[in-house]
Amino acid sequence: MPEGPLLELRGISKRFPGVLANDDVNFDLRPGEVHALLGENGAGKSTLMNILYGLYTPDEGQILLHGKPIDLGSTKAAIEHGIGMVHQHFMLIPVMTVAENIVLATEPRRAGVLMDYDAARRRVRELSERYGLLVDPDARIDRTSVGQQQRVEILKALYRGAEILILDEPTAVLTPQEAKELFEIIRSLTGQGKSIIFISHKLNEVLEVADRVTTLRRGVVVDTIDAEGATEEGLARMMVGREVLLRVDKKPSQPEGALLQVEHLSVVDDRGLETVRDVSFDVRAGEILGLAGVDANGQSELIDAIAGLRHVSAGRIVVDGRDMTNADAKETLDAGIGHIPEDRHRRGLVLPFSLTENLALHAYRHEPNSRRGLLNPRAMTARARKLLREFDVRGGAPATPAFALSGGNQQKVVLAREIDGDPKVLIAAQPTRGLDVGAIEFVHRRLVEQRDAGRAVFLVSLELEEILSLSDRILVIYEGRIVGEFPPTATEEELGLAMTGGSQGKAA
Amino acid sequence: MTDELSAEEAIEPPPPPDGIPQPQQHFRSRFGGLKGAIAPLLTTILAFFMGGLVVLLTGKNPLRVYKAVWDGTGLNWFVHVGHHSARVPFGTAHMWFPWDTASIAAQNLQQTLLVTTPIILTGLAVAFAFRCGMFNIGGQGQYFAGTIFAVWLGSSFNGMAPWLHVLLCLAVGTVAGAVWAGIAGILKATVGAHEVISTIMLNWIAIWVGSYLFGQGGPLQNSAQKSIPISNDIFDGAKLPVFWGLKLLQGLSIGIFIALAMLIVYWIVINRTTLGFEVRAVGFNPEAARYGGVSVARNYFLAMAISGAFAGLAGAVDITGWEYRIGQNDIQLGGSSGIGFIGLAAALLGRNTTLGVGFASLLFGALINGTSGRQLDPSIFRPDLAGNLTTIIQGLVILFVGLNLGGVWVWLKRRRGA
């Protein structure tokens, strides 16, 4: 499009104590385009967009809209200038309906004080039809899916007159199918003249949906290029600053005897519903078994049962020949199960603890870290120093609290702890969630290393790409049942179909 | 760190955090360690400033009032070093100090430290539970549990070997506090009953049981004077030795050293034992602790019992150190504003750290003693108002700690991005 830019950020710099989050950043947005903002965690994407949405004021630089400088002192000012933002974490009120959430703060009124529900519903329906964003205006938010909630967020921005939409990591919470639908919506929006800034660190998405791509690295713009003709490898290099191996390099597996056997396992969740139903499988030494599935199909309960964090209602769990059914977490650890939990903030780390303490979260019980109930801080620190070096954890000394690390380095700490425990079976639940390309490469390489070292690796992930590139065998779980087993040569479509209950795989 | 690692870091500095850290985290990292004293100090200064405004409202001069309170605390005794020649008061040789040990300031200081002793212990009680993520509001009830058993045992067994008698009182008082808090711990660990609710209820049970025991006709009421709702005095063998000042003038017992020793015990248990490690892990993130193989329920119970042990010891030390008896009145007054609650303030202000609890306890102990009717010249400030001043300052401190002034400041800076 040859027109002048709709929006221009010129020479934006933003300093936080000890960090230059944005350094002389230039960015422009043309009318009707999708401009992707790519960068690793901590590259300054969010800071830049928060400046554009009026949440932060820049130290230097100016923002021009239609060629005229504007002052964005608050989100209100941003909204008035037609800038809308959909945050990664939705800001909706769960107990209110879709329509109520959308019109919130600018409700259509009757007689000055009464909310005009009919008008609200009508306007929501109009908007949703115009842009192909199908929602039920009367559904309560807490009864709608995540994908629906995202549409509501987009509608909310449109309702407030947004011409420019900032989407912050919009696919992070979506299933592959929902992501495809989101891309359709984005195309329909740009088709009607809206302009979109698409923040992501997923290369394939950026190439699929964007017209142009700007890459940020450590607060500096690396380059702005057209998406057409760009490759994933090229973008990864711009993002990380070095060559990145996108494919996992691994030899064929040499599986031996089964180290983890799950037999006819059923598990009940907190609400008393049976979420794991008669599940049986083996994980053998020297193989990675992948478990694919849409979120909340029983994966979490299955992992918890194996890790000794949840009681089973039926069936057996055998670790290296020992029956560990309904063992507690400590016994499970001692029996040789390592567990990279799916939520490293909630479970994997004690965030205010130092790295030393986090790395000792299991090992504090054993010599030399403690003796007769007394800790040995020197041994703990020495161990931490060794592990931090081995696992290349950056940005933290042994005494640094875990919250001070970036997500990728936090995950390396979890990985280091679990692998150092010398487990027979390693459960990796969403091991790369929220990580950037460089850290994903690291985690994947380590998992394959563990496989080659003769451990049984059980990989549970919502990312099909991850499952396909790492696994030696793939199981698909749907509504708590294993609905199929696939070889790693299966296509995403085959798996996707089984994940949604569409078809049975070969010989489950 | 090795050279190899630091060289690598020089090439590739750690990526800056996306956006900036959360205010709470930022605050912690900035004010961790010794710098952690800054926020509580500012909090205290602000509380005293606002207390001064209140004094001003009554038409008095705040500076003169604070000077009088300061003199009343006896802390000025430390400043008098070298002004007095050491002498031996009343023939008992306590020559450890180069200061004048018989001055008014010395007597004031003894009183201040007597009050500080149980505040340290109840402060540690609150701090310990807090480290496990629990809010023990029941320090007062646990204190009474310790008191009741110390009085009962102290006024029984006449003729027992003195050191054994006093040790028995302290030990059983400690266990009584532990059991009392342990009830709340068990309830939390098994059925998830919130400790705030259960400890408050246990407070009231302890208060009314005590009222009954020492009230008229109660089983532990004074056997000589049937009309006075007060306990028997404990026997001399059950009294802690007084090492400074006169026993008759309520001199300072070695209870203060017990409290100081407990500060050290607290530090060791929290920082240097596997128990403390588990307690802190549960306190920060019970889910991560459970995943790490720690029994959360067991730690809730243990932490609560240890917490109660500190508070029970406080009660026993008070009885064996200077009170020697307990009256129904003490129990009913203490029920709403007693030492257990002041310990709460000390733990909050001291941020549950060893040094913090120690100094915050001294602050509150000094304030209570300095504003007490006995110490303050009525022409400078009416003592009954002065007592309220203490409560006002105490309340403001808790309010400001709750507000987390440091956090507010960081948040404001963050907004401007300075």
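Engineer: How would you summarise the overall build of chain A if you had to cite specific residues and measurements?
Structural biologist: From N to C terminus, chain A includes 17 helices and 24 strands. For 508 residues, the compact-globule estimate of 2.2 N^0.38 gives 23 Å, and the C-alpha radius of gyration of chain A, at 25 Å, lies within 12% of that figure. C-alpha extents for chain A along the principal axes are approximately 70 × 50 × 50 Å. The burial tally for chain A puts 48% of its 508 residues in the buried class. Counting only contacts in chain A whose residues sit at least 6 apart along the sequence, the fraction spanning at least 24 positions is 66%.

Engineer: So what's going on with the sheet that holds strand 16 (residues 312-319) of chain A? Which residues, and what values?
Structural biologist: Residue and element names in this part refer to chain A. If you walk across this open sheet you meet the four strands as 14-13-16-17, and the pairing is antiparallel. On the outer flanks of this sheet lie strand 14 (274-284) and strand 17 (322-323), each paired with one strand and no other. Of the pairings in the sheet, the one linking strand 13 (residues 258-268) to strand 14 comprises seven bridges and is antiparallel in character. Across the sheet, Gln261 pairs through a bridge with Asp282, a residue of strand 14. Contacting strand 13, strand 14 and strand 16, helix 9 (residues 299-306) crosses the sheet at an angle of about 60° to strand 14.

Engineer: Got a sec to walk through the packing of helix 6 (residues 104-131) of chain B against helix 15 (residues 339-349) of chain B? Specific residues and values, please.
Structural biologist: Residues and elements named next belong to chain B. Axis separation between helix 6 and helix 15 bottoms out at 7 Å; the angle between their running directions is 60°. One element, helix 6, and the other, helix 15, form an angle in the oblique class. Read as a crossing pair, helix 6 and helix 15 show a hand that is right-handed. Contacts between helix 6 and helix 15 involve Pro118, Ile119, Thr122, Gly123, Ala125, Val126, Ala127 and Phe130 from the first element and Ile339, Gly340, Ile342, Gly343, Leu344, Ala346 and Ala347 from the second. Classifying every residue of the contact of helix 6 with helix 15 by side-chain character gives eleven nonpolar, four polar and no charged.

Engineer: Got a sec to walk through the packing of helix 7 (residues 139-154) of chain B against helix 8 (residues 162-191) of chain B? Specific residues and values, please.
Structural biologist: Residues and elements named next belong to chain B. Put simply, helix 7 and helix 8 touch, their axes get as near as 7 Å, and they point 145° apart. The crossing of helix 7 and helix 8 is right-handed. Each of Gly141, Gln142, Tyr143, Ala145, Gly146, Phe149, Ala150, Leu153 and Gly154 in helix 7 lies in contact with helix 8, whose residues at this interface are Leu168, Cys169, Val172, Gly173, Thr174, Ala176, Gly177, Trp180 and Ala181. Class assignment for the residues of the contact of helix 7 with helix 8 results in eleven nonpolar, seven polar and no charged.

Engineer: Residues and numbers for the sheet that holds strand 11 (residues 212-217) of chain A, please.
Structural biologist: Residues and elements named next belong to chain A. Across the sheet, which stays open at both edges, the six strands sit in the order 6-9-10-3-11-12 with mixed pairing between neighbours. Only two strands of the sheet have a single partner each, and these edge strands are strand 6 (83-86) and strand 12 (220-226). The average angle at which neighbouring strand axes cross in this sheet is 20°, direction not considered. Relative to strand 10 (residues 195-200), strand 3 (residues 34-38) is paired through five bridges, and the arrangement is parallel. Residue pairing for strand 10: Leu38 is matched across the bridge by Ser200. Contacts from helix 5 (residues 146-159) reach strand 6 and strand 9 (164-168) within the one sheet, and its direction differs from that of strand 6 by about 170°. Relative to strand 11, helix 8 (residues 232-240) is tilted by about 30°, and along the sheet it contacts strand 3, strand 11 and strand 12.

Engineer: Give me the lowdown on the nonpolar core, citing residues and values where you can.
Structural biologist: In terms of nonpolar packing, the biggest core is built from 257 residues, with A:Ile427, A:Leu459, B:Leu121 and B:Leu124 touching the most fellow members. A per-element tally of this core places helix 13 (residues 296-323) of chain B first, with 16 residues. Aside from chain neighbours lying at most four places away, what touches B:Leu121 is B:Ala259, B:Met262, B:Phe310, B:Ala311, B:Leu313, B:Ala314 and B:Val317.

Engineer: Pulling in residues and values, what's your account of unusual backbone geometry?
Structural biologist: Residues and elements named next belong to chain A. Going from Glu367 to Pro368, the amide bond is cis rather than trans, its omega being 0°. With respect to the element layout, Pro368 can be found in the loop between helix 12 (355-359) and strand 19 (370-371). Although it is not a glycine, Asn326 adopts a positive phi angle of roughly 60°. Inspection of the secondary structure assignment puts Asn326 in the loop between strand 17 and helix 10 (329-334). Exposure remark for Asn326: the 13 C-beta atoms within 10 Å place this residue in the partly exposed category. With a phi angle near 50°, Arg372 is a residue other than glycine that sits in the positive phi range. With respect to the helices, strands and loops of the structure, Arg372 is situated in the loop between strand 19 and strand 20 (374-375).

Engineer: Talk me through the pairing of strand 22 (residues 456-461) of chain A; I want residue IDs and the actual numbers.
Structural biologist: Moving residue by residue along a regular strand, the side chains alternate between the two faces of the sheet. All names here are of chain A. Counted residue by residue, strand 22 has six buried out of six residues, so it is predominantly covered. As paired strands, strand 15 (residues 287-292) and strand 22 are joined by six bridges and run parallel to one another. Within strand 22, the position partnered with Ala292 by the bridge is Ser461. One ladder, built from five bridges, connects strand 21 (residues 425-429) with strand 22; its direction is parallel. Its bridge partner lying in strand 22, Val425 is registered against Ala456. Traced from strand 21 through helix 15 (residues 437-452) to strand 22, the parallel crossover comes out right-handed.

Engineer: Just give me the short version of the environment of B:Glu287, but keep the residues and values in it.
Structural biologist: Counting through the fold element by element, B:Glu287 comes out in helix 12 (residues 286-291). With 17 C-beta atoms counted inside 10 Å, the residue B:Glu287 sits in the partly exposed group. Apart from residues no more than four positions distant in its own chain, B:Glu287 is found in contact with A:Arg346 and A:Arg347.

Engineer: I'd like a rundown of the pairing of strand 23 (residues 473-478) of chain A, residues and numbers included.
Structural biologist: Residues and elements named next belong to chain A. Across four bridges, the pairing between strand 15 and strand 23 is parallel. For Gly290, the partnering residue across the bridge sits in strand 23 and is Ile474. Here strand 23 runs beside strand 24 (residues 481-486); their pairing, made up of five bridges, is antiparallel. Across the sheet, the residue bridging to Ile477 is Ile482, located in strand 24. Hairpin connection, strand 23 to strand 24: the antiparallel pair is bridged by two residues, and Glu479 has positive phi, about 50°.

Engineer: For the environment of A:Gly161, give the residues involved together with the corresponding values.
Structural biologist: Residue and element names in this part refer to chain A. With respect to the secondary-structure elements, Gly161 resides in the loop between helix 5 and strand 9. Taking the C-beta count within 10 Å as the criterion, Gly161 has 13 such neighbours and is therefore assigned partly exposed. Through-space distance from the C-alpha of Gly161 to that of Gly84 is 8.1 Å; in sequence the pair is 77 residues apart.

Engineer: So what about the environment of B:Val54? Which residues, and what values?
Structural biologist: All names here are of chain B. Tracing the sequence through the fold places Val54 in helix 3 (residues 38-57). Given 16 C-beta atoms within a 10 Å radius, Val54 is considered partly exposed. The sequence separation of Val54 and Leu389 amounts to 335 residues, and the corresponding C-alpha distance is 8.0 Å.

Engineer: Hey, could you go over the confidence of the model for chain B for me, with residue numbers and the actual values?
Structural biologist: All names here are of chain B. For chain B, per-residue confidence averages 83 on the pLDDT scale, and residues scoring 70 or more make up 81% of the total. A low-confidence stretch, residues 1-32 stays under pLDDT 50, and its non-local contacts, those more than four residues away or across chains, total 47 contacts. For this predicted complex, the interface score ipTM comes out at 0.79, while the overall pTM is 0.78.

Engineer: Can you tell me about helix 9 (residues 195-214) of chain B, naming the residues and giving the values?
Structural biologist: The α-helix winds at 3.6 residues per turn, so residues separated by three or four positions along the chain end up facing the same way. Residues and elements named next belong to chain B. End to end, helix 9 covers 28 Å across 20 residues, agreeing with the expected 28 Å (1.5 Å per residue, within 8%). Along helix 9, the residues classified as buried are Glu195, Ser198, Thr199, Leu202, Asn203, Ala206, Gly210 and Phe214. Along the long axis of helix 9, the arc covered by the buried residues comes to 150°, so they all point the same way.

About the criteria used
Residues numbered from 1 in each chain as written. Chains lettered and ligands numbered in written order. Predicted model: local features only at pLDDT ≥ 70, side-chain atom pairs only at ≥ 80, totals over all residues. Helix = DSSP H or I, 4+ residues; strand = E, 2+ residues; numbered from the N terminus. Rg over C-alpha atoms; globule rule 2.2 N^0.38 Å. Buried ≥ 20, exposed ≤ 12 C-beta atoms within 10 Å, placed from the backbone. Contact = placed C-beta atoms within 7 Å. Pairing = 2+ DSSP bridges. Axes fitted to C-alpha atoms, helices over the stretch in contact; angles between N-to-C directions. Parallel < 35°, antiparallel > 145°, perpendicular 65-115°, else oblique. Left-handed = near helix turned anticlockwise from the far one by under 90°. Nonpolar A, V, L, I, M, F, W, Y, C, P; charged D, E, K, R; others polar. Core = buried A, V, L, I, M, F, W, Y, C linked by C-beta atoms within 7 Å. Right-handed = clockwise from strand over helix to strand, strands pointing away. pLDDT = per-residue confidence, 0-100. Expected span 1.5 Å × (residues − 1). Arc of directions from axis to C-beta.

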